[in-house]
Amino acid sequence: MTAKEYLGQAYRLDQRINSKLHQVESLRSLTQKVTTSYGSEPVSHTRNVSSLEDTIIRIIEAEGELNSQIDKLVQLKMEIAVNIDKVRNESYRLILEKRYLCFEQWDQIAQDMNYSRRWVLNRHERAVEVMDRILAKREGA
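In this report, we go over the structure that sits alongside the text. (Residues numbered from 1 in each chain as written. Predicted model: local features only at pLDDT ≥ 70, side-chain atom pairs only at ≥ 80, totals over all residues. Heavy atoms only, no water.)

**Comments concerning helix α4 (residues 106-113)**
Every buried residue belonging to α4 is among W106, I109, A110 and M113, and all of these are buried. End-on view of α4: buried residues confined to an arc of 100°, all on one side of the axis. Lining the buried residues of α4 we find α3 (90-100) and α5 (117-140). Directly after α4, the chain includes N114, whose backbone phi takes a positive value near 60°. (Buried < 20%, exposed > 50% of the residue type's maximum accessible area, 1.4 Å probe, protein only. Helix = DSSP H or I, 4+ residues; strand = E, 2+ residues; numbered from the N terminus. Arc of directions from axis to C-beta. Contact = heavy atoms within 4.5 Å.)

Have a look at this one:
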């Protein structure tokens, strides 16, 4: 696995978590769509409770998966942070942290560091090369 692939794992997992959050919100909104009849027509007192129960069960299962993925993301970010800390150059470390742990855009990183986007991208490329060497040592050990 290359350094970019390794570092990008957290972002992809974060995106999956956001997708799962959206799914849970969608399921919750379905459970709140209850209609009431105010007319004088007789209402059947037997309603389909099982579909509501099924939806609630799906919500609980989705929340369980979500919690599991969040735990995995926290562990992965901690592992990535430990490896980024092995980079000696402070600028490289900061760029890697902002990009792969905070998920910041290139323009934002450049603005925060008071450098051009081009400078940041150039330093990022060098930082990734350093990270490749660090990961190669880790795998060899």
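So that's the structure; there's more coming.
**Section: helix α1 (residues 3-31)**
The terminal C-alpha atoms of α1 lie 43 Å apart, and with 29 residues this matches the ideal 42 Å at 1.5 Å per residue to within 8%. Burial in α1 covers these residues: A3, Y6, L7, G8, A10, L13, D14, I17, K20, V24, L27 and T31. (Expected span 1.5 Å × (residues − 1).)

**Details of the side chain of D14**
Mapped onto the fold, D14 is located in helix α1. Among buried Asp, Glu, Lys and Arg side chains, D14 stands out as unpaired, with K77 the closest opposite charge at 5.9 Å. Setting aside its immediate chain neighbours within four residues, D14 contacts L73 and F103. (Lys, Arg positive; Asp, Glu negative; His and termini not counted. Salt bridge = Lys/Arg side-chain N within 4 Å of Asp/Glu carboxyl O.)

**Let's talk about the packing of aromatic side chains**
This structure, assessed with the given rule, holds 2 aromatic pairs. The interplanar angle of 65° and the centroid separation of 5.5 Å between the aromatic rings of Y11 and F103 together place this pair among those described as edge-to-face. One end of the pair, Y11, is in helix α1; the other, F103, is in the loop between α3 and α4, and 92 residues separate them in sequence. Owing to a relative accessible area of 19%, F103 belongs among the buried residues under this scheme. Their ring planes at 20° and their centres at 3.7 Å tell us that Y115 and W119 sit as a pair that is stacked. (Phe/Tyr/Trp six-rings, centres within 6.5 Å; stacked < 30°, edge-to-face > 60°.)

**So, the side chain of H124**
Note on placement: H124 falls in helix α5. The exposure class assigned to H124 is buried, which follows from its relative accessible area of 4%. Excluding anything up to four places from it in sequence, H124 contacts K4, I95, L96, Y100 and W106.

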